[in-house]
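A structural walkthrough
What follows is the residue order along each chain.
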Amino acid sequence: MEQLIIGTAGHVDHGKTVLIKALTGVDTDRLQEEKERGISIDLGFAPFRLPSGRVAGVVDVPGHERFIHNMLAGAAGMDLVMLVVDASEGIMPQTREHLDILQLLGIRKGIVVITKIDLVEEDWRELVQEEIREELKETFLEQAPILAVSAINGQGLEELKKVIDEMTAVLEPRSSSGPLRLPVDRSFVIAGFGTVITGTLIQGSVRVGETVAIVPPGLEARVRNIQIHDADVKEALAGSRVALNLAGLEKDEVQRGSVISSPGYYRQTALIDVSVQMLARAPRRVKNLDPVHFFLGTARVVAKLLLLDCEELRPGESALAQCRLDRPLVTERGDPFVIRSYSPMTTIGGGKVLDPYPVRHRRFRTEVIERLQELKQDPKSGGDSAFLRRKLEELLAADVQRLAKETRLDRIKVESILEELAAQNIVRKLGKSYLVVRILTEYEDKILAELQIYHKKYPLSPGISRAQLKGFLPAAFSQKDYDALLENLQYKELVTIKSDLVTIYGFKPEPVPGDIKLLNSLAEIYNVGNLQPPSVKEAMEKAGAATARKDELYNYLQSTGVLVKVSEELYFSKESYEKALSFLHRHFAKNEKLTLAQFRDITGSSRKFVQALLEHFDQVKLTRRVEDHRVPFKLQRN
Ligand SMILES: Nc1nc2c(ncn2[C@@H]2O[C@H](COP(=O)(O)OP(=O)(O)O)[C@@H](O)[C@H]2O)c(=O)[nH]1
Ligand SMILES: [Mg+2]
C-alpha cells in the first residue's frame, strides 16, 4: 500500500468528479443531495490504482464557492493536485481561488488537467492552454504539465495516469516515526458500531488497540478498527487515507477540525502567533482585530488578528499578527493556514504559524516583532534555535525538560541547541536551569545595584533579607532559580550570604561619624537606665534619631553586643541584662521558686520591667512559669 494522496481542485462543473470516476471507477458524490443537485458539496474519497500497481488515495473537492470550507479541509493533506479546467470555459473564479489556496497551503506538486476536450476545437483548446500558462506564472504550477482529457470518450486518460505515476514515484515520504497527527475531516456514528472518523494521516502511525487522544476537546479513545480504502488493516502509516473506529466515545464528541494524536502530545490553543500574507487580489484590507475565517488543517474557526507591526493590512502586504481564535485548535510551528474575509466571502490571504503557545502580546513592541521576524525566517527547522531562545526569554529561566515541553522539540535537540547557544555566550546554565545571558546579566546587575542602594540607605544594617531582595526581580522568576542566582553571585565573590541576610561581598556595617554619635548616645541612655530602661520610642526621641532608622540602629547595637532585646519595646544594656541574669542564677542556687515580687525586690526594679524580663527568660528557656512563680527550666522533666 502506497502512502500517497492525490487531490482535485478547480471551478464547479469543470469535470472533477467525473474525471475521478473515469480514473478510479468510484463516484465520489456520495451524498443524496449531491446526486440530486449534480454538484459536489463535501469531500469525496476514492482509492486509485496507478498503472505501476501502487494505490493512491484520492480526495475530490467541491468547486462551488459556497463549499470552499470543505475544499480547504481536503486540501491540507495533498501530495499531488490536479487543477481541473473546463476546455470551453477556461479559467473561472474558483480556479483562481483554489490555486491561491493551494499556493498558500504550500502544496508543491501538481498537474493541470483540461477537461471536456470532446466539446471544443483544437485551436480553442490551445488558446485556453495559453491563458492557463499565463495564469500560473509565479505559482507552484508554473512548470506543471498541462494535459487535455475527455472523461466521456476517454481521450488523454491513459497519458494522465502515466504522468501521475511518474510524478508521484519520487515524492518525499512522510514521517511515520513522529507523534501521530491525523486531522479529522469526517466523523459519523454508525448504529451498533460507534464513532468512525476519517482523515489523512499526515504524521506518525496508528495501530489497532492503541489509545489515542482527540483534541479538541481533549478526550481519549481506543482504536477498535482501522480501514484503508475499505479494507481492514492492523496499522496505518503517514500519508494514508484512513477510517478509524473509535471505542468509548459518546455521540458527536468528535468533529471535523479535531486532531487524533498521541496521548499527551498536543495541547489545544486559542492564541497563536503567525506571519500573514495578503493576496494581491484581495478585495479589501484587514484592520486591526477584524474577524476573519481562519482555516488550518481541517479546522475552521473565526480569528481576530491583532496586527503587531502595522496599522492595517492591505492587499499584497504581509504582517506579523497574534490570532485570537473563537475556538481552540491544534497546531505546530510552520503549519500553513488560509484566511477568508466575511463579506464578500473570499480568500484574502494566509500564512504560517510561528508560535502555537505564545504569551499575550501588545502591538508595536520592538522585542516581540524582532523575535517573530527571526522565527519567520524559517519557522520549522533553522528557526528551532531562535524559537528556543525566545521561549527561554519568555519563561525567564527553564530546565531542559521544561524547554522540551514548551518548544515541542525532543530533549536531545534541546540539549544540543543549548550547548550551541552557551558556546556563543547567548545562554548560561545556572543550577539546573538555563537563562538567556542578557536576562541573567540584567538580574545580577539589579541585585548588586539594589544591595548598594540598601547599604547606602542603611549603613548599619548587617544585610537585606533574601526574600526582600527577591522582590526586586520579576515575581515569575522562581525561588529555585533565584537561589541559584544568589549562590552564583556568592561564588563569584560579588555578594556575601550569612544565614538569611545578603550583602555586597565583604560588607561590614560601618557607622559614619554622625551615626557614631547617635549610637553612643543611645548606648549611654540605656546605661543610665540601668534595670529600668526607657522604651524604644523614648530612647529614640531622646537621642534625636529618625523613627525610620529604628531597626537599623537597634539591629546594629544588638549585633555589636551593646544592647540585648527583651521584647519589641524593651532593650537592656548588656551590663544591666547580665546583672539581672546573675540575680536569677544566685537566687536559684539557694531557692527552688521565684515570684515576680521577689525578683522585683532582688533587682530593685519595678514590676513592669521584671515581668518583661521573666517572660523573656521563659522564652529563652531559662525559666518556666508554674502558677504564680518561676522554676528553673531544666526542672521541667521532674
Ligand atoms: N462532454 C463532457 N462532459 C463532461 C466531461 N467531464 C465532465 N462532464 C460534465 O460536466 C458536468 C460537471 O461534471 P462534474 O464532474 O460534476 O464537475 P465538478 O463540479 O468539477 O465535479 C457533468 O454534467 C459532466 O457530465 C467531459 O470530459 N466531456
Ligand atoms: Mg464535483
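An account of the accompanying structure is given in this report. If you're wondering where the values come from, they're calculated on a predicted model, not measured in any experiment.

**Topic: the overall build of the protein chain**
Each helix and strand in the protein chain was counted, giving 19 helices and 33 strands. Compactness check: the protein chain gives a C-alpha radius of gyration of 39 Å against a globular reference of 26 Å for 638 residues, more than 25% above the reference. Taking the principal axes of the C-alpha coordinates as reference, the protein chain spans close to 130 × 55 × 45 Å. Relative to its full complement of 638 residues, the protein chain shows a buried share of 52%.

**Some points on the site of ligand 1**
Taken together, 15 residues lie around ligand 1, and D13, K16, T17, V18 and A151 are the ones closest in. Measuring from an oxygen atom of ligand 1, one finds a backbone N or O atom of D13 at 2.7 Å. One of the side-chain nitrogen or oxygen atoms of D118 is found 2.9 Å away from a nitrogen atom of ligand 1. Classifying every residue of the shell around ligand 1 gives five nonpolar, six polar and four charged.

**Section: the environment of A580**
For A580, the location among the structural elements is in helix 17 (residues 574–590). Residue A580 is classed as buried on the basis of its relative accessible area, which comes to 0%. If near-sequence neighbours (up to four positions away) are discounted, A580 is found in contact with L531, F599 and L613.

**A few points about the side chain of R181**
Position of R181 among the secondary structure elements: in strand 7 (residues 181–190). Residue R181 is classed as buried on the basis of its relative accessible area, which comes to 8%. Sequence-distant contacts of R181, that is, excluding residues within four places in its chain, are made with T200, L201, I202, Q203, V259, I260, Y266, L296, V330, T331, E332 and D335.

**Some points on the coordination of the magnesium ion (ligand 2)**
Within the first shell, the magnesium ion (ligand 2) binds the protein through T17 (OG1) and S40 (OG), at distances of 2.0 Å. Taken together, the residues T17 in helix 1 (residues 16–24) and S40 in the loop between helix 2 (32–37) and strand 2 (44–49) connect sequence positions 23 residues apart. The two residues T17 and S40 agree in class, both being buried.

**Some points on the sheet that holds strand 33 (residues 629–632)**
Within the open sheet, the three strands sit side by side as 31-33-32. Their pairing is antiparallel. Two strands in the sheet have a free side with no partner beyond their single neighbour: strand 31 (594–595) and strand 32 (623–626). Inspection of the sheet shows strand 32 paired to strand 33 by four bridges, in the antiparallel sense. Paired with T623 across the bridge in strand 33 is P632. On top of the sheet, helix 19 (residues 607–619) reaches strand 31, strand 32 and strand 33; it is set at about 110° to strand 32, its chief contact.

**Some remarks on the sheet that holds strand 3 (residues 55–60)**
Strand order in this open sheet of six strands is 2-3-1-4-5-6, and the pairing throughout is mixed. Only two strands of the sheet have a single partner each, and these edge strands are strand 2 and strand 6 (146–148). Looking at each pair of strands side by side, their axes are set apart by 25° on average, direction ignored. Inspection of the sheet shows strand 1 (residues 5–9) paired to strand 3 by three bridges, in the parallel sense. Across the sheet, G7 pairs through a bridge with V59, a residue of strand 3. Across the sheet, helix 4 (residues 93–104) is in contact with strand 1 and strand 4 (80–86); its angle to strand 4 comes to roughly 165°.

**Examining the packing of aromatic side chains**
Scanning all chains against the criterion turns up eight aromatic pairs. Summarising the aromatic geometry, the rings of F294 and F337 are spaced 4.7 Å apart at their centres and angled 20° between planes, so their arrangement reads as stacked. You can see F294 sitting in strand 18 (residues 291–296) and its partner F337 sitting in strand 22 (residues 336–340), a full 43 residues away along the chain. There is no split in this pair, since F294 and F337 are both buried. The ring of F387 has R333 lying over it, and the distance from NZ or CZ to the ring centre is 3.9 Å. Positioned above the aromatic ring of Y265 is the side chain of R408, whose terminal nitrogen or guanidinium carbon lies 4.7 Å from the ring centre.

**Brief notes about the environment of I447**
Here I447 lies in helix 11 (residues 437–457). Its relative accessible area of 0% is what places I447 among the buried residues. For the pair I447 and L485, spaced 38 residues apart in sequence, the C-alpha separation works out to 9.7 Å. I447 has contacts with L469, L473, Y482, L485, L486 and L489, leaving out every residue within four places of it along the chain.

**Regarding the nonpolar core**
By size, the foremost hydrophobic cluster in this structure holds 62 residues, and its most contacted members are L102, I132 and F294. In this view, I132 contacts V85, I91, V112, I114 and I146; residues no more than four positions away in its chain are not counted. Grouped together as the second largest cluster of nonpolar side chains are 39 residues, Y434, I439, F477 and L489 included.

**Observations concerning the pairing of strand 14 (residues 241–247)**
Most of strand 14 sits inside the fold, with seven of its seven residues counted as buried. Side chains of strand 14 alternate between two faces, with R241, A243, N245 and A247 and V242, L244 and L246 buried alike. Where strand 8 (residues 194–200) lies against strand 14, six bridges are found, and the strand directions are antiparallel. Directly across from T198, in strand 14, lies its bridge partner A243. One ladder, built from five bridges, connects strand 11 (residues 219–228) with strand 14; its direction is antiparallel. Residue pairing in the sheet places N225 in a bridge with N245 of strand 14.

Conventions adopted
- In every chain, residue numbers begin from 1 and rise along the written sequence.
- To label them, take the chains in the order written and letter them from A, then take the ligands in the order written and number them from 1.
- Residues qualify for local features only when their pLDDT is at least 70, as the model is predicted, and side-chain atom pairs are given and counted only at 80 or more; totals for whole chains, interfaces and linings, by contrast, use all residues.
- Side-chain numbers here rest on the full set of heavy atoms in the structure, without hydrogens or water.
- Put simply, DSSP H or I for four residues or longer makes a helix, DSSP E for two residues or longer makes a strand, and each gets a number counted from the N terminus.
- Only the C-alpha atoms count toward the radius of gyration. The rule for a globule is 2.2 Å times the residue count to the power 0.38.
- Relative accessible area decides the class of each residue, using a 1.4 Å probe on protein chains only: under 20% of the type maximum gives buried, over 50% gives exposed, and in between gives partly exposed.
- Put simply, a residue is near a molecule or strand once any heavy atom of it comes within 4 Å of that molecule or strand.
- Here a polar contact is taken to be a pair of N or O atoms separated by no more than 3.5 Å, where protein atoms must pair a possible hydrogen donor with a possible acceptor and residues adjacent in sequence count only if both atoms sit in side chains.
- Amino acids are sorted into nonpolar (Ala, Val, Leu, Ile, Met, Phe, Trp, Tyr, Cys and Pro), charged (Asp, Glu, Lys and Arg) and polar (every other residue, Gly among them).
- Contacts are assigned to residue pairs that have any heavy atoms within 4.5 Å of one another.
- Ligating atoms shown are N, O and S within 2.8 Å of the metal, or 3.2 Å for Na, K and Ca, and water is not included, meaning a site may look less than complete.
- A strand pair is defined by DSSP finding two or more bridges across the two strands.
- As a rule, the C-alpha atoms of each element are fitted with a line to give its axis, helices using only the stretch in contact, and angles between N-to-C directions run from 0 to 180 degrees.
- The pairing test for Phe, Tyr and Trp rings, Trp by its six-membered ring, is centres within 6.5 Å, and the orientation test on the planes gives stacked under 30 degrees, edge-to-face over 60, and tilted for anything in between.
- A ring is considered to have a charge above it if a Lys NZ or an Arg CZ atom is located within 6 Å of its centre and within 35 degrees of its normal.
- Here, the term nonpolar core denotes a set of buried Ala, Val, Leu, Ile, Met, Phe, Trp, Tyr and Cys residues that are joined through side-chain atoms within 4.5 Å.

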